[in-house]
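Descriptive structure summary
Residue strings, one per chain:
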Amino acid sequence: MHPMLNVAIKAARRAGNVINRASLNLERLQVDRKQHNDFVTEVDKAAEEAIIEILSDAYPTHGFLAEETGEHNPGAESIWIIDPLDGTTNFIHGFPQYAVSIALSVAGVTQQAVVYDPNRDELFTATRGSGTYLDRRRLRVAGQTRLSNCLLGTGFPYREDQDLQTYLKMFADMTAQCAGLRRPGAASLDLAYVAAGRYDGFFEGGLKPWDMAAGALLITEAGGLVGTYRGEENYLSSGEIMAGNPRIFAQLAQHLAKYSKAEE
């Protein structure tokens with residue numbers, strides 16, 4: 001296993017411990033509202049501090065792009081992209097679907113990825129060129145070939161600045177095209193589930209790099225494709241992501257391209 005991946009795993013598990021301890025006492029949780037339906041807790045902050053402490057001790061020259069503390073040393077060649085608690089709304093309610101997401105980008109290319117689910121103690125990892133693993137088991141995307149048989153994941157972290165009507169139209173469209181559509185509320189974990197073959201595909205807009213970076217590498221290293229709704233590569237900057245095995249990816253693009261807001 002790559003030494004940088006080992007350090008990222010240690011950081012993710014430490015954050016998971018912080019989250020699990022806090023989950024035992026949710027009624028005492030301090031919750032702040034960033035904007036409508038966008039919450040941050042002291043747990044997000046404590047988990048992020050734990051991650052950054054471990055990573056910066058090991059790699060003092062690296063930069064960080066993290067959900068709560070933003071950018072640190074953004075000019076560095078190696079940047080850790082961190083979501084300390086993806087699925088905060090779920091966490092606040094005790095709904096057990098949330099994860100820690102850590103990715104390492106080197107010169108703009110994601111090289112290492114960890115998505116850790118502290119509820120199920122499931123650790124999804126990938127190193128570019130070396131495959132994707134759940135604990136020690138190699139993962140492959142699902143082999144489904146027809147969209148009509150697919151279980152898809154999606155998400156819509158609704159905030160006032162997003163177009164609800166367009167999303168609902170897209171949701172209705174895709175519901176008619178597939179066997180089932182789920183929106184559990186933690187994009188990094190949804191992407192990990194595509195890599196594991198639990199979903200056949202996934203799509204979501206309005207995301208940030210820390211929601212997508214780790215999960216996207218998990219999928220490509222498991223044999224899947226990741227792109228914008230048009231199938232293009234600028235998903236991290238556009239905020240919209242679509243994923244699946246190559247055949248399902250192409251079929252998703254046929255239905256989702258018209259909803260794309262990504263710059264061509």
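No experiment lies behind these values; they were computed from the predicted model shown.

**Remarks on the nonpolar core**
In terms of nonpolar packing, the biggest core is built from 38 residues, with Val115, Phe124, Leu218, Ile219 and Ile241 touching the most fellow members. Of all the secondary structure elements, the ones that give two or more residues to this core are strand E5 (78-86), strand E6 (99-106), strand E7 (109-117), strand E8 (122-127), helix H5 (187-195), helix H6 (209-221) and strand E15 (241-244). Considering each element in turn, this core owes the most residues, 8 residues, to H6. Leave out the neighbours within four places in its chain, and Phe124 touches Ala113, Val114, Val115, Tyr133, Leu134, Leu139, Leu189, Ala192, Tyr193, Ala196, Arg198 and Leu218. With 34 residues, the next largest nonpolar core counts Ala12, Tyr59, Leu85 and Val100 among its residues.

**Some remarks on the packing of aromatic side chains**
How two aromatic rings sit relative to each other is given by the distance of their centres and the angle of their planes. Within the structure shown, the criterion is met by 7 aromatic pairs. Ring centres 5.2 Å apart and planes at 85 degrees place the aromatic pair Phe91 and Tyr98 in the edge-to-face group. Connected via pairs of aromatic rings, a cluster forms that spans Phe124, Tyr193 and Tyr199. Here the basic side chain of Arg198 rests over the ring of Tyr193, its NZ or CZ set 4.7 Å away from the ring centre.

**Looking at the packing of helix H1 (residues 3-23) against helix H2 (residues 42-58)**
Helices that pack against each other are described as a pair by the angle of their axes relative to one another and the distance between those axes. It is at 9 Å that the axes of H1 and H2 come closest, and there the two elements cross at 160 degrees. Classed by the angle they form, the pair H1 and H2 counts as roughly antiparallel. In this structure, H1 crosses over H2, and the sense of that crossing is right-handed. Across the interface between the two elements, Val7, Ala8, Lys10, Ala11, Arg14, Ala15, Val18, Ile19 and Ala22 from H1 touch Val43, Ala46, Ala47, Ala50, Ile51, Ile54, Leu55 and Ala58 from H2. Of the residues that constitute the contact of H1 with H2, the class distribution is 15 nonpolar, no polar and 2 charged.

**Quick look at the packing of H5 against H6**
It is the contact of H5 with H6, at a shortest axis distance of 8 Å, that shows an interaxial angle of 5 degrees. One finds that H5 runs roughly parallel with respect to H6. Side by side, H5 and H6 meet where Ala187, Ser188, Leu191, Ala192, Val194 and Ala195 of the first sit next to Asp211, Met212, Gly215, Ala216, Leu218 and Ile219 of the second. A breakdown of the residues in the contact of H5 with H6 according to their chemical character gives 9 nonpolar, 2 polar and 1 charged.

**A closer look at the state of the cysteines**
Every disulfide links exactly two cysteines, by a covalent bond between their sulfur atoms. Tallied over the entire structure, the rule returns 0 disulfides. Cysteine Cys150 remains unbridged, with the sulfur of Cys178 as its closest cysteine sulfur at 7.5 Å. Note on Cys150: relative accessible area 0%, which makes it buried.

Cut-offs and rules
Residues numbered from 1 in each chain as written. Predicted model: local features only at pLDDT ≥ 70, side-chain atom pairs only at ≥ 80, totals over all residues. Heavy atoms only, no water. Core = buried A, V, L, I, M, F, W, Y, C linked by side-chain atoms within 4.5 Å. Buried < 20%, exposed > 50% of the residue type's maximum accessible area, 1.4 Å probe, protein only. Helix = DSSP H or I, 4+ residues; strand = E, 2+ residues; numbered from the N terminus. Contact = heavy atoms within 4.5 Å. Phe/Tyr/Trp six-rings, centres within 6.5 Å; stacked < 30°, edge-to-face > 60°. Lys NZ or Arg CZ within 6 Å of the ring centre and 35° of its normal. Axes fitted to C-alpha atoms, helices over the stretch in contact; angles between N-to-C directions. Parallel < 35°, antiparallel > 145°, perpendicular 65-115°, else oblique. Left-handed = near helix turned anticlockwise from the far one by under 90°. Nonpolar A, V, L, I, M, F, W, Y, C, P; charged D, E, K, R; others polar. Disulfide = S-S within 2.5 Å.

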